[in-house]
Amino acid sequence: MATGTEPTSTEEPRTASGTGVRGRTRAAISAPHLRTDRWWLAPAATAAGLLAFIVYSTWRAFANADYYAAPYVSPFYSPCLADNCAPMRHGPNWELFGGWWGLSPALLILIFPLGFRLTCYYYRKAYYRGFWASPPACAVAEPHKKYSGETRFPLILQNIHRYFFYAAVLVACILTYDTVLAFRDEHYAWGHMGLGTLVFLLNIVLIWAYTISCHSCRHIVGGRLKHFSKHPVRYRLWGWVGKLNARHMALAWGSLVSVALADFYVYLVASGAFDDPRFF
């Protein structure tokens, strides 16, 4: 009895050496897929969004200018670890690198938040599909004949995501400090709030929500527990992180947009293109 998996007379016979969708164990369908919707739209939009952020962040990282306008400092340049940083009163000036560092100080700090996002489980799925078509979409076969997963260099380095998480928490703490400093005016007097303060508040909320919703955070909070009843506090935290984790994709994109928006806002104010409106 026919099972629907045997090659028809018009198709090439399967061979034992066949791989991918042409292997003997796969359905005998000549078409690469049977989807009729615009399945390519989602990976194309993902690739376009990520490419836009890459272009913008690369420009801003190498610009080495217009990243501080009291009391705001761009999240791309905080903390400032080089001697050539713009002086920030009470700001995150940590001159760990002396005058020999002549490049943009943003290059010293961006490796940590970008490393965290680059190895993020969601972002891995996003750019694997968007840029490498591995796979392009659900029920659409990938064009690659071989698949080794993340067991070989360089993709095996994705396993250091849990360590980038610790660095991301530290960066989020520093950005929280920057947000507190945003409640000053241009003369460093406390008790003031401008439009930039709201931009920084939105950014830090999304940054923390994205960081805490990370799978590594969920594992740290409640992983390896055999009896939740014996650890009620960790179980409660695990449940909260789990709810955020269900929205990890939305938080990943929201925080990506917000951090670029915060940097762009500082750029506009620092370059003189825009005056920061003050509410009080």
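Residues numbered from 1 in each chain as written. Predicted model: local features only at pLDDT ≥ 70, side-chain atom pairs only at ≥ 80, totals over all residues. Heavy atoms only, no water.

## Some remarks on the environment of L157
As for its position among the elements, L157 is in the loop between α4 (121–132) and α5 (161–181). In the structure, L157 is positioned 23 residues away from V180 in sequence and 35 Å away in space, judged by C-alpha atoms. (Helix = DSSP H or I, 4+ residues; strand = E, 2+ residues; numbered from the N terminus.)

## Some details on the packing of helix α7 (residues 215–222) against helix α8 (residues 232–245)
The geometry of a pair of packed helices is captured by two quantities: the angle between their axes and the separation between those axes. Between α7 and α8, the least distance of the axes is 8 Å, while the angle of their chain directions is 165°. The pairing of α7 with α8 is recorded here as roughly antiparallel in orientation. For α7 against α8, the interelement crossing comes out left-handed. Contacts between α7 and α8 involve H215, C217, R218, I220, V221 and G222 from the former and R234, L237, W238, V241, G242 and N245 from the latter. For the contact of α7 with α8, a count of residues per class yields six nonpolar, four polar and two charged. (Axes fitted to C-alpha atoms, helices over the stretch in contact; angles between N-to-C directions. Parallel < 35°, antiparallel > 145°, perpendicular 65-115°, else oblique. Left-handed = near helix turned anticlockwise from the far one by under 90°. Contact = heavy atoms within 4.5 Å. Nonpolar A, V, L, I, M, F, W, Y, C, P; charged D, E, K, R; others polar.)

## A look at empty space enclosed by the protein
Tallied over the full model, the rule gives three cavities of 30 Å³ or more. Within this model, the largest cavity holds a volume of roughly 210 Å³. Around the largest cavity sit 16 residues that line it, and P113, R117, V171, I207 and V259 are the ones nearest its centre. Where the lining of the largest cavity is concerned, the elements lending two or more residues are α3 (111–118), α5 and α6 (195–212). Class assignment for the residues of the lining of the largest cavity results in 14 nonpolar, one polar and one charged. Taken as a whole, the second largest cavity encloses approximately 40 Å³ of empty space. Around the second largest cavity, the lining residues are V73, P75, L175, D178, T179, F200, N203 and I204. Breaking the lining of the second largest cavity down by element, the ones donating at least two residues are α5 and α6. (1 Å grid on protein atoms, 1.4 Å probe; cavity = no way out; pocket = protein on both sides within 12 Å on 5 of 7 lines; lining within 4 Å. Points joined across faces, edges and corners; volume = space filled by probe spheres on them.)

## Description of α4
Along its 12 residues, α4 runs 16 Å from first to last C-alpha, staying within 8% of the 16 Å computed at 1.5 Å per residue. Looking only at α4, the buried set comprises Y122, Y123, R124, A126, Y127 and Y128. Buried residues in α4 make contact with α1 (41–63), α3, α5, α6 and α9 (248–270). Immediately downstream of α4, the backbone of A133 shows phi near 55°, a positive value. (Expected span 1.5 Å × (residues − 1). Buried < 20%, exposed > 50% of the residue type's maximum accessible area, 1.4 Å probe, protein only.)

## Some words on a nonpolar patch on the surface
Where nonpolar side chains cluster on the molecular surface, the patch consists of F153, I156, L157, I160, Y163, Y166 and I220 and spans about 740 Å² of accessible area. Note on placement: I156 falls in the loop between α4 and α5. (Patch = residues over 30% accessible without salt bridge, like charges linked within 9 Å, V, L, I, M, F, W, Y side chains within 5 Å. Areas by Shrake-Rupley, 256 points an atom, 1.4 Å probe, with all protein chains shown as cover. Salt bridge = Lys/Arg side-chain N within 4 Å of Asp/Glu carboxyl O.)

Taken by themselves, the reported measurements are silent on function.
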